[in-house]
Structures are given as structure tokens and as C-alpha cells.
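Per-entry structural report
Below are the chains, spelled out letter by letter.
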Amino acid sequence: MNDKKSKIEVSSTAEHNILPAAGEDIFLLNSNKNNIETGRTQLKEDRRAADRAAKQIKWEQRMRRKKSREEKARKEAEQKNAAIRAIHEKYMRAALAEAQKAAALREVPIGCVIVKEGRIIARGYNRRNTDANTLSHAELNAIREASHALGDWRLEGCTIYVTLEPCQMCAGAIVQSRIDEVVIGCMNPKAGCAGSVLNLMQVPAFNHQVKITRGILEKECSHLISSFFEQLRSEKSG
Ligand SMILES: [Zn+2]
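The structure displayed is predicted, hence computed values, not measured ones. Sequence order sets the numbering: in each chain, residues are counted from 1 along the sequence as written. Where totals are concerned, whole chains, interfaces and linings use all residues; where local detail is concerned, this predicted model gives features only for residues with pLDDT of at least 70, and gives and counts side-chain atom pairs only at 80 or more.

1. Brief notes about the overall build of the protein
- The way it works is that DSSP assigns letters per residue, a run of H or I at least four long becomes a helix, a run of E at least two long becomes a strand, and they are numbered from the N terminus. Along the protein, the regular secondary structure elements total 6 helices and 5 strands.
- Shown N-terminal to C-terminal, the secondary structure of the protein runs as helices and strands in the order α-α-β-β-α-α-β-α-β-β-α.
- With C-beta atoms placed from the backbone, a residue is buried if 20 or more other C-beta atoms are within 10 Å of its own, exposed if 12 or fewer are, and partly exposed between those counts. The 238 residues of the protein split such that 26% are buried.
- What counts as a contact is two residues whose backbone-derived C-beta atoms lie within 7 Å of each other. In the protein, of all internal contacts separated by at least 6 residues, the share reaching a separation of at least 24 is 56%.

Here's what the structure looks like:
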């Protein structure tokens, strides 16, 4: 009997040492579940954060590429504009040289050239007093010469460079001759018809409109005319 009792006691003590109490077991199970949930949530958050970071990097890369493309386009446009301006200035200098011929005749110094495919095909300067003819404006003289050179009254594909904004007569002739573009040195607020008094170059109802570029060698063109009139005034007062 003593042996049996002793076995039972031993067995009871061993069982107690190996197995945890029931409450402790559930606590561990819940704790593990919570850890797993927390881990999953953290993983999801980490993934979302990684996605956001990746999107941010991609967006920044896209923005950098866009900015670089815009910068390149801006530089190219600037270079193109500078090149066009240099061409305009070159031909306006030729128009100024024509204006000097008018000044030498004591005419109001206005000059012009007509350019087609990179070549000056006609030149003209104001000879109104010399020719005693109101039709002898620089532009009309050049248009006559250009038509003669091309054997055609149509001056399509031509650009006219004139030191002073054309009057209504010359603006009309420029439209009538179907010149593509007029490049102007300085404006004439009192009589100009390329935007000052009127804009006859771009009347939508007409069958032809002329592109206008203003302000090429503006100071030089303006100074030539103002100094001419200053000289006239000083001669009169002297
Ligand atoms: Zn005129």
C-alpha cells in the first residue's frame, strides 16, 4: 500500500511540474495571436510606406526628366530666336544703308530691302522729293524692283525689311503683293499702319495677312530719323 501511495504522489508532482496551468496557456496563445496580428499590420504598413517611397522616387524622377526636357526646349527656342534675330538684324542693316541714301538726298531717311530665300532681291529708299512723286516711298520702290526681278507681281515667300513702320499706302501695297512678313525697325505713332494708327497688315476680312515683327535695330532706325529732323530744325533756326 505504501508503495502505491508513494507512486501516485510522485506521478502527481511530475504532472504538476510539466504542464502549465490552464489560464497561463490561454494567455500565451492570445499573446502569440496578438504578436502575429501586430506583425502583419506592421508588415502592411511597411509595404505601404515602401510603395509610397517608390512612387515618390518615380514622381521625382519624372519631374526631373520633365524639367530637363523643358529646359532643353527653352534653350533651343532661345537659340532659334537669337539666330532669327541675327538674320533680321543683318537685313535691317542693309535697309539702314538704303535709308542713308535717302538722307544723302536730304529726304526723310527711310530704307528697305526685300529678301527671298536668304537673298536680297530688291532695295529701296525714300525719294519722294527727288522724284516729286508721292508714290516714291522706300517700300513701293523696292516692291517695283522685286516684281521686276521675279517677273511677277506676287511676292509670295518674301520678307520686307523697313526702317520705319509703313504708311497706309505702303501697307496696302505690301498686302496686295502678298509679301509674307514685314520686319520693322521703329514704329511711327503718327502715321504707321502696322499697328500704330491702324493695322492694315492683319485685317481678317482681307484675303491676305502679313506677319509683323517689330523692334529690330529700333534704336538705330529711330535715331537716324530723329537726328535727320534735328538737323533740319537746327539749319532752319541757324
Ligand atoms: Zn509709305
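2. Focus: the sheet that holds strand 1 (residues 111–116)
- Any two strands are treated as partners once DSSP identifies two or more bridges connecting them. On the basis of which strands lie adjacent, the open sheet formed by 5 strands has the order 2-1-3-4-5 and mixed pairing. Each of the sheet's edge strands pairs with one partner strand only, and the pair in question is strand 2 (119–125) and strand 5 (211–213). Going across the sheet, the axis of each strand differs from the next one's by a mean of 20 degrees, ignoring polarity.
- When strand 1 meets strand 2, the two strands line up antiparallel, connected through 6 bridges. Looking at the pairing, G111 lines up with Y125 of strand 2.
- Geometry is summarised by axes, namely lines fitted to C-alpha atoms with helices restricted to the contacting stretch, and by angles between N-to-C directions that run from 0 to 180 degrees. Against the sheet, helix 6 (residues 218–237) engages strand 3 (158–164) and strand 4 (181–186), with an angle of about 60 degrees to strand 4.

3. Brief notes about the pairing of strand 1
- By the criterion of burial, strand 1 is predominantly enclosed, with 5 of the 6 residues buried.
- For strand 1 and strand 3, the ladder comprises 5 bridges, and the chain directions are antiparallel. The partner of K116 across the bridge, within strand 3, is C158.

4. A few points about helix 6
- In this model, helix 6 (20 residues) spans 28 Å end to end at C-alpha, consistent with the 28 Å of a helix rising 1.5 Å per residue.
- For helix 6, the tally of buried residues reaches only 2 of 20 residues, placing the bulk of the element at the surface. Expected span of a helix, by definition, is 1.5 Å for each gap between consecutive residues, and there is one gap fewer than residues.

5. Considerations on the nonpolar core
- Among buried residues, those of type Ala, Val, Leu, Ile, Met, Phe, Trp, Tyr and Cys that are joined through C-beta atoms within 7 Å form a set called a nonpolar core. In this structure, I160, Y161, I174 and V182 are the most contacted members of the largest nonpolar core, which totals 44 residues.
- Contributing elements (two or more residues each) for this core: helix 2 (22–104), strand 1, strand 2, helix 4 (138–150), strand 3, helix 5 (168–176), strand 4 and helix 6.
- Sort the elements by how many residues they give to this core and helix 2 lands first, with 6 residues.
- When residues no more than four places from it in sequence are discounted, the contact partners of V182 are I160, V162, P166, I174, A194, M201, V210 and I212.

6. Comments concerning the packing of helix 4 against helix 5
- Relative to each other, helix 4 and helix 5 sit at 25 degrees, their axes nearing to 9 Å. When the axes of helix 4 and helix 5 are compared, the pair comes out roughly parallel. Every pair of crossing elements has a handedness; the one defined by helix 4 and helix 5 is left-handed. Contacts between helix 4 and helix 5 involve E139, L140 and I143 from the former and C170, A173 and I174 from the latter. Any angle between 65 and 115 degrees counts as roughly perpendicular, while under 35 counts as roughly parallel, over 145 as roughly antiparallel, and the rest as oblique. By convention, the crossing between two helices is left-handed when the near helix turns anticlockwise from the far helix through less than a right angle, and right-handed when the turn is clockwise.

7. A closer look at unusual backbone geometry
- The backbone of A132 shows a phi angle near 50 degrees, a positive value even though the residue is not glycine.
- Along the chain, the position of A132 falls in the loop between helix 3 (128–131) and helix 4.
- Residue classification places A132 among the exposed positions, given that 8 C-beta atoms sit within 10 Å.
- At R178, a position not held by glycine, the phi torsion is positive, near 60 degrees.
- Within the secondary structure, R178 sits in the loop between helix 5 and strand 4.
- Take R178: there are 16 C-beta atoms within 10 Å of it, and that puts it in the partly exposed class.

8. Section: the confidence of the model for the protein
- pLDDT: the predictor's confidence for each residue, scored from 0 to 100. Confidence in the prediction for the protein averages 91 pLDDT; 90% of positions are at 70 or higher.
- Taken as a whole, residues 5–15 scores under 50 in pLDDT and shows 0 contacts with residues more than four places along the chain or in a different chain.

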